[in-house]
Each structure stands twice: as C-alpha cells, then as structure tokens.
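Architecture at a glance
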Amino acid sequence: MDIEQCSSCFADLEPAQIGLCDECQPTATERFLSVISVQARASILDAVAAHYGITADAALAEVTAKDAEHLLDYLREPLRSDTLALMQRYRMQ
Ligand SMILES: [Zn+2]
C-alpha cells in the first residue's frame, strides 16, 4: 500500500492523517476567516493592520501563522466582541 502524501508539500503522512500534513493544516483562524463574510474578514484584517502599522496581507500572515495568538488577542473593542459573537455563531470559538 502506498504511503499517502500531503497534497500541499508532499511530505509523507502519518497513517492517521488525511490530505494535509500538520504543517499544512489550516489554523483555526484561517478556517474562521474563510467562512465569514468578505466584509467581516476585511474589517478584522484592517483593524489588525492598523493596530500594528502593517498591510492587510501582512496582518493575514500574522494572525494565521502557526505560532499566532488567538485571533481575539489581536483585536480591541468593539470589534473584539463582534468577532467573538461571529465565532460563536459559527461555533468556532
Ligand atoms: Zn504538508
């Protein structure tokens, strides 16, 4: 039987892994940003970008890094509460 490989980086997978290796699995924040509306996603990334003085693309890389903090830790009120409510709505808290 062939060993399955990660469909992104082609590393050999452990028997329990399917499709992507741990390194290539989307983070919780990546999954969350992929299910919310484009507007909600933009307002979160813009807020992080403004807070750190970086671009929205850099903000996306920052919050979706493997060693990133919880997304809420990057946000201030009232956006923090709005985002928490969104996470609860999508059961992704
Ligand atoms: Zn991989």
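Please refer to the structure placed before this passage.
Residues numbered from 1 in each chain as written. Predicted model: local features only at pLDDT ≥ 70, side-chain atom pairs only at ≥ 80, totals over all residues.

1. Examining the overall build of the chain
Looking only at helices and strands, the chain features four helices and zero strands. Its helices and strands taken in sequence order, the chain reads α-α-α-α from the N to the C terminus. Over its C-alpha atoms the chain spans a radius of gyration of 16 Å, topping by over 25% the 12 Å that the globule rule assigns to 93 residues. Along the longest, intermediate and shortest principal axes, the C-alpha atoms of the chain span 55 × 30 × 20 Å. Burial analysis of the chain (93 residues in total) assigns 12% to the buried set. A sequence separation of at least 24 residues applies to 36% of the contacts in the chain between residues at least 6 apart. (Helix = DSSP H or I, 4+ residues; strand = E, 2+ residues; numbered from the N terminus. Rg over C-alpha atoms; globule rule 2.2 N^0.38 Å. Buried ≥ 20, exposed ≤ 12 C-beta atoms within 10 Å, placed from the backbone. Contact = placed C-beta atoms within 7 Å.)

2. Here we look at unusual backbone geometry
The amide bond that connects Glu77 to the next residue, Pro78, takes the cis arrangement and shows omega of 0°. Residue placement: Pro78 occurs in the loop between α3 (56-63) and α4 (79-89). Even without being a glycine, Phe10 presents a positive backbone phi close to 65°. By secondary structure assignment, the location of Phe10 is in the segment before α1 (28-35). Residue Arg91 is not a glycine yet carries a positive backbone phi of 55°.

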